[in-house]
Amino acid sequence: MASPAVEVRDVSKRYGPLRALDGVSLSVEQGEFFALLGPNGAGKTTLISALGGLVRADAGTLRVLGRDVAAEYREARRLLGIVPQEVVFDPFFSVRETLELQSGYFGLRGNGAWIGELLERLSLGAKADANMRSLSGGMKRRVMLAQALVHRPPVIILDEPTAGVDVELRQALWRFMRELNAAGHTIVLTTHYLEEAQHLCGRIAMMKTGRIVALDSTRRLLADFSERVLRVKLESGALPAALAAGATVDAAGWHRIPVESAAQVETALARLREAGAAVAHLEVAEPELEEVFVKIMARQDAPAREDA
Amino acid sequence: MTGGFLTLFEKEVMRFWKVSFQTVAAPVLSALLFLVIFSHALAGRVEAYPGVGYVQFLVPGLAMMSMLQNAFANASSSLIQSKITGNIVFILLAPLTPADLFAAYLAAAMVRAVVVGAGVVLAVAWLVPVPFPNLLWLAAFTVTGAGILGVLGIVAGLWAEKFDQLAAFQNFLILPLTFLAGVFYSVDSLPPFWRAASHLNPFFYAIDGFRYAFFGRADVSPWASLAIASATLCALSWLTLRLLRSGYKLRH
Ligand SMILES: Nc1ncnc2c1ncn2[C@@H]1O[C@H](COP(=O)(O)OP(=O)(O)OP(=O)(O)O)[C@@H](O)[C@H]1O
Ligand SMILES: [Mg+2]
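Residues numbered from 1 in each chain as written. Chains lettered and ligands numbered in written order. Predicted model: local features only at pLDDT ≥ 70, side-chain atom pairs only at ≥ 80, totals over all residues.

### As for the pairing of strand β14 (residues 278–285) of chain A
Residues in a regular strand point their side chains to alternate faces of the sheet.
Residues and elements named next belong to chain A.
In step 1: Sparse coverage of β14 is indicated by the burial of zero of its eight residues.
In step 2: Where strand β11 (residues 229–236) lies against β14, seven bridges are found, and the strand directions are antiparallel. Each bridged residue has a counterpart across the sheet, and for R231 the counterpart in β14 is E283. (Buried ≥ 20, exposed ≤ 12 C-beta atoms within 10 Å, placed from the backbone. Helix = DSSP H or I, 4+ residues; strand = E, 2+ residues; numbered from the N terminus. Pairing = 2+ DSSP bridges.)

Spelled out as structure tokens, the structure:
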């Protein structure tokens, strides 16, 4: 059986009294496009750092493609490419030198062809010989992505790669990641732009205060925690009983009617017409990960329950 | 050791070479200034050793002092800059072993020491006639002296979290130990207490042995100096490798 791309078991990490990771277990299969979501301070970066060996877990095991990140750190690090959250760079070197050095740390010499391709793909060609210091923030982030990819790691982890990045680059970045994913690379990302995760990722883990609070396929999460709704504001008339049953109304007079499919939208509108209600405004809201996220986080805020 | 060692070593050498005006030219200039000032002020002093004038006596000491200080500065400033700017993550994420890190920082520190030391000796040779040194002793004390300070530079760079902590390490430990190691005087000329105290200072042996390479005489037997300097280097290296293996202040 193939080893999972990432396997985290009962991992804990404390900083003084703070439990940054509190018994995290998680497994990402090879070839997945996986999102790790959670509010600020949830422990996402700490977990990623533990996988990269930047942070030592107090307890538990972490593996990358079956390699223990502590006992077999050299193999594990060869299999892993991490793009750190913070933009950091070495002001002594140019873009190309930075990438050549990074290749060398992995024992790769003569990696020029792949470096050239990375520069091309990330639109850094024109800046190849510019000093790192002279690059804009978004460009520095691109170099960090290239640094994470110099050794062609089968598992790629991106910690908020799109924070502070313009629309064009964001799209180019995701296109590139999709391609790498299609070529067999496993991609794990964190982001606070939930629509990115919703569109890209097949599975999602949500973290809060150092714990995994939800872990499922994107489809299931959306189905379980969010719904497609028809929102209508009436000019006259009232909601017929058949619709009013599952509907709610807010202070501004918007009725919120859950609908399972597009066909049901038509049925609902037909019923309104039959009931003689005139629709002033209308919109259909698709299920959104943001709603799922808000609900799951709120659930965690609820006072102690049986599992607390 | 892995292939990554060589790249990290090259990077560390490139790093100081790119700013060689500060990292090589400046220390050579300060050594020259020391030489001019001290030789002028103390020119009337008796010969340090029979047949060796005071100014001549100063040259190897100044060269070694520059080597010691620059070996320390290279390793410590590179590490602390990488830690503070955060770019050390790129090294920590790579499959480099603790021995790779140790050897790369140490070797680069020694390269800088040799470049600076050669610069001092060559620059001074225009002004002061210095005998051609015994190359074996020269190499032995260059390696052990610069090695000890390179390793101390790694320790300080790991330990310090801020530049002022590093400055404290440098000002309260490295600087007094170098100045009190007999750069400017023969330790034999000191009162007994200070002579004994100097003999506890490992830097003294590096300087004394280095001087032996030039004049064929020194305060202590060069074999004893080499043994003590080598033992110090080994002990510090062992400790530093342990620190690196434990992830001390690098992997939290
Ligand atoms: N070196 C450290 N020392 C002390 N506390 C730390 C350290 N690193 C992280 N923490 C704490 O651990 C917790 C988790 O931090 P982490 O950076 O993993 O969060 P995150 O989920 O990545 O958040 P964000 O979305 O803001 O990036 C936070 O409370 C943080 O303050
Ligand atoms: Mg984070």
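Now that the structure is up, let's keep going.
### Some remarks on helix α4 (residues 112–121) of chain A
Residues and elements named next belong to chain A.
In step 1: Where α4 is concerned, the buried positions are I115, L118 and L119. One side of α4 carries all its buried residues, which in axial view fall inside an arc of 100 degrees. When the buried face of α4 is taken as reference, the exposed residues oriented beyond 90 degrees from it are A113, E117 and E120.
In step 2: Check the buried side of α4 and you find it contacts α3 (95–105) and α5 (137–149).
In step 3: S123 occupies a position one or two residues after α4 and carries a positive phi of about 50 degrees. (Arc of directions from axis to C-beta. Contact = placed C-beta atoms within 7 Å.)

### Focus: the sheet that holds β14 of chain A
In step 1: With antiparallel pairing, four strands are arranged side by side in an open sheet as β12-β13-β11-β14 (chain A). What marks the edges here is a single partner per strand, and that holds for β12 (248–249) and β14 of chain A.

### Description of helix α8 (residues 218–225) of chain A
All names here are of chain A.
In step 1: All of the buried residues in α8 are T218, L221 and L222. Here the buried residues of α8 occupy an arc of 95 degrees about the axis, which is enough to place them on one side.
In step 2: Buried residues along α8 sit against α7 (194–200), β9 (203–208), β10 (211–217) and α11 (289–301).

### Examining the packing of helix α2 (residues 20–42) of chain B against helix α5 (residues 98–125) of chain B
Residues and elements named next belong to chain B.
In step 1: Interhelical geometry of α2 versus α5 gives an angle of 40 degrees and a closest axis separation of 9 Å. Classed by the angle they form, the pair α2 and α5 counts as oblique. The handedness of the crossing between α2 and α5 is right-handed. Residues T23, V24, P27, V28, A31, L32 and L35 of α2 form the contact with α5, whose participating residues are R112, V115, V116, G119, V120, A123 and V124.
In step 2: Of the residues that constitute the contact of α2 with α5, the class distribution is 11 nonpolar, two polar and one charged. (Axes fitted to C-alpha atoms, helices over the stretch in contact; angles between N-to-C directions. Parallel < 35°, antiparallel > 145°, perpendicular 65-115°, else oblique. Left-handed = near helix turned anticlockwise from the far one by under 90°. Nonpolar A, V, L, I, M, F, W, Y, C, P; charged D, E, K, R; others polar.)

### What about the interface of chain B and chain A?
In step 1: Facing the 22 residues of chain B at the interface are 23 residues of chain A.
In step 2: If you list the elements that add at least two residues to the side of chain B that touches chain A, you get α1 (3–17) and α4 (89–92) of chain B.
In step 3: Among the elements that take part in the side of chain B that touches chain A, α1 of chain B stands out by supplying six residues, more than any other.
In step 4: Taken together, the residues of the side of chain B that touches chain A sort by class into nine nonpolar, nine polar and four charged.

### Details of the domain arrangement of chain A
In step 1: Domain annotation of chain A identifies domain 1 (6–223) and domain 2 (227–286).
In step 2: The gap between the C-alpha centroids of domain 1 of chain A and domain 2 of chain A is 43 Å. (Domains from an automatic or database assignment.)

### Quick word on the pairing of strand β3 (residues 33–37) of chain A
Residue and element names in this part refer to chain A.
In step 1: Summarising burial for β3: five of the five residues are buried, a large majority.
In step 2: Side chains F33, A35 and L37 project from β3 onto one buried face, and the interleaved F34 and L36 project onto a second face that is buried too.
In step 3: Of the strand pairs in this sheet, β3 and strand β8 (residues 186–190) are connected by four bridges, and their pairing is parallel. From the neighbouring strand, A35 faces β8, where its bridge partner is L189.
In step 4: Note: β3 against β9, four bridges, orientation parallel. Looking across to β9, one finds that L37 is bridged to M206.

### A closer look at the nonpolar core
In step 1: Judged by nonpolar contacts, the single largest core of 151 residues is most densely connected at L51 and A146 of chain A together with L68, A71, Y105 and A206 of chain B.
In step 2: Top element by residues in this core is helix α3 (residues 54–85) of chain B. It accounts for 16 residues.
In step 3: When residues no more than four places from it in sequence are discounted, the contact partners of A146 of chain A are L99, L118, L119, L122 and L124 of chain A.
In step 4: Judged by nonpolar contacts, the second largest core, of eight residues, contains V229, V232, A268 and A277 of chain A. (Core = buried A, V, L, I, M, F, W, Y, C linked by C-beta atoms within 7 Å.)

### With respect to the sheet that holds β9 of chain A
Residue and element names in this part refer to chain A.
In step 1: If you walk across this open sheet you meet the six strands as β6-β7-β8-β3-β9-β10, and the pairing is mixed. Of all the strands in the sheet, the pair left with one neighbour each is β6 (80–83) and β10. This sheet shows a mean twist of 15 degrees between the axes of neighbouring strands, independent of strand direction.
In step 2: Note: β6 against strand β7 (residues 155–159), four bridges, orientation parallel. Residue pairing across strands places L80 opposite V155, the latter belonging to β7.
In step 3: Against the sheet, α8 touches β9 and β10, its axis set at about 100 degrees to β10.
In step 4: Strand contacts of α11: β3, β9 and β10, with the helix running at about 35 degrees to β9, the strand carrying the most contacts.

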